[in-house]
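Reading the structure
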Amino acid sequence: MLKFFQKFIFKKFVLIVGDNGVRLTLFEKGLPIETIEVGGVHDDNIGDVASLLRKYAKVPVYIFSDVSEQSFKHITIPSTNPIVIKKLLTRRIERDFKKGDLHSYYPFKDKDDTDKNSSHYIIVNVARIPPLSEWLEYLKNVPNTIDAVYVSPIELHNLPHDLETHLKKKGKAVPASRWKMLVIQSKIGGFRIIVTKDDQVIFSRMLNFEEELDAEYVETLKNQIIGTVEY
């Protein structure tokens, strides 16, 4: 999704928001031109972020959310009517999540389900709390427009396939599987676990370690991965 739209925008800012900081990068024709990293809106170098944004005041900002407070809920709608589906999804979001949160949904094609009278969807909810909420407020004070907010697990759903393709080119066999799990570490986020089924994101969670990754944290990460598989 993100890759497709970015092809038509020659210059843009991408603001990656993680639990441990943010990275603002100016892209021109798909290439990174300038990057600034800060710990948060109260960082001593926050002025550098404002200066770069105002220098290119007409360049839009795309927020890439990689925070831990986000959830993915797989639900079944007993209908195939688009109007009914939208109403039921809206009611479910209003019931299960806070009004100020950022939320969306996308269809999930479950090959295991033979019921042709129902539809599967994944509801995505990102809590409007710090640090993401702080940056949304901060960006109100700069002239740049926020064109979209993306969620990291969804935008990374093709990465396992890309990695497999790379391995195949290297002559390494990749076991065929409908279920895949990607564990990726981000400098400003943490350890992101992404689970896909038939190349569709169905679940994700984030683990943060404030200190260096020692033996105890490695054991915790291992147990979380095992727990995700069991889940």
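My aim in this report is to walk through the structure given alongside it, one point at a time. No experiment lies behind these values; they were computed from the predicted model shown.

Comments concerning the nonpolar core
Counting residues in each nonpolar core, the largest one holds 39 residues, and the members touching the most others are L15, V49 and W135. For this core, the element with the highest residue contribution is helix α2 (residues 46-55), accounting for five residues. Those residues in contact with W135 that sit more than four places away from it in its chain are L15, V17, V22, V38, G40, V41, I46 and V49. Core analysis: the next-biggest nonpolar cluster, separate from the first, contains eight residues, I77, I85, F97 and Y121 among them.

Quick look at the packing of aromatic side chains
Per the stated rule, a full pass over the model turns up five aromatic pairs. A centroid spacing of 6.3 Å and a plane angle of 25° characterise the contact between Y62 and Y150, whose relative ring orientation is stacked. Here Y150 lies in strand β8 (residues 146-151) and Y62 lies in strand β4 (residues 61-66), a separation of 88 residues in the sequence. Taken as a pair, Y62 and Y150 share a single burial class, namely buried. Aromatic side chains W135 and Y138 sit 5.3 Å apart centroid to centroid with 70° between the ring planes, which places their arrangement in the edge-to-face category. You can see W135 and its partner Y138 sitting in helix α4 (residues 132-138), three residues apart, about one turn around the helix. The class of W135 is buried, set by a relative accessible area of 1%. With a relative accessible area of 17%, Y138 lands in the buried category.

What to know about the pattern of salt bridges
Under the criterion given, the structure shown has 14 salt bridges. Across the pair D112 and R178 runs a salt bridge, and its minimum N-O distance is 3.0 Å. Residue D112 is found in the loop between β6 (102-107) and β7 (119-126), and its partner R178 is found in the loop between α6 (159-169) and β9 (179-185); the two are separated by 66 residues along the sequence. Of the residues examined, D112 reaches a relative accessible area of 48% and is grouped as partly exposed. Residues participating in the shared-partner salt-bridge network are D110, D112, R178, K197 and D198.

So, the pairing of strand β3 (residues 31-38)
With seven bridges joining them, strand β2 (residues 21-28) and β3 adopt antiparallel strand pairing. What sits directly across from E28, in β3, is L31. Hairpin connection from β2 to β3: two residues lie between these consecutive antiparallel strands, with K29 at a positive phi of about 55°.

Quick look at the sheet that holds β4
Ordered in space as β3-β2-β1-β4-β8, the five strands form an open sheet in which the pairing is mixed. Strands at the two margins of the open sheet, each flanked by one partner only, are β3 and β8. When strand polarity is set aside, the average angle formed by the axes of neighbouring strands in this sheet is 20°. Alignment of β4 against β8, held across five bridges, turns out to be parallel.

Some words on the sheet that holds strand β11 (residues 200-207)
If you trace the three strands from one edge of the open sheet to the other, you get β9-β10-β11, paired in antiparallel fashion. The sheet terminates laterally at β9 and β11, the two strands that pair on one side only. Ignoring strand direction, the axes of neighbouring strands in this sheet form an average angle of 15°. Note: β9 against strand β10 (residues 191-197), seven bridges, orientation antiparallel. Across the sheet, the residue bridging to I184 is R192, located in β10.

Concerning the side chain of T25
Note on placement: T25 falls in strand β2. Of the residues examined, T25 reaches a relative accessible area of 7% and is grouped as buried. At 3.1 Å, the side chain of T25 and the side chain of T35 are in polar contact. With near-sequence residues (within four places) excluded, T25 lies in contact with K12, F13, V14, P32, E34 and T35.

Overview of unusual backbone geometry
Cis geometry is adopted by the peptide bond preceding P131, which originates at P130 and carries an omega value of 5°. One non-glycine residue with positive phi stands out, namely K29, at about 55°. Structurally, K29 can be placed in the loop between β2 and β3. Judged by relative accessible area, which is 63%, K29 ranks as exposed.

Cut-offs used in this document
Residues numbered from 1 in each chain as written. Predicted model: local features only at pLDDT ≥ 70, side-chain atom pairs only at ≥ 80, totals over all residues. Heavy atoms only, no water. Core = buried A, V, L, I, M, F, W, Y, C linked by side-chain atoms within 4.5 Å. Buried < 20%, exposed > 50% of the residue type's maximum accessible area, 1.4 Å probe, protein only. Helix = DSSP H or I, 4+ residues; strand = E, 2+ residues; numbered from the N terminus. Contact = heavy atoms within 4.5 Å. Phe/Tyr/Trp six-rings, centres within 6.5 Å; stacked < 30°, edge-to-face > 60°. Salt bridge = Lys/Arg side-chain N within 4 Å of Asp/Glu carboxyl O. Pairing = 2+ DSSP bridges. Axes fitted to C-alpha atoms, helices over the stretch in contact; angles between N-to-C directions. Polar contact = N/O pair within 3.5 Å; in protein donor to acceptor, adjacent residues only side chain to side chain.

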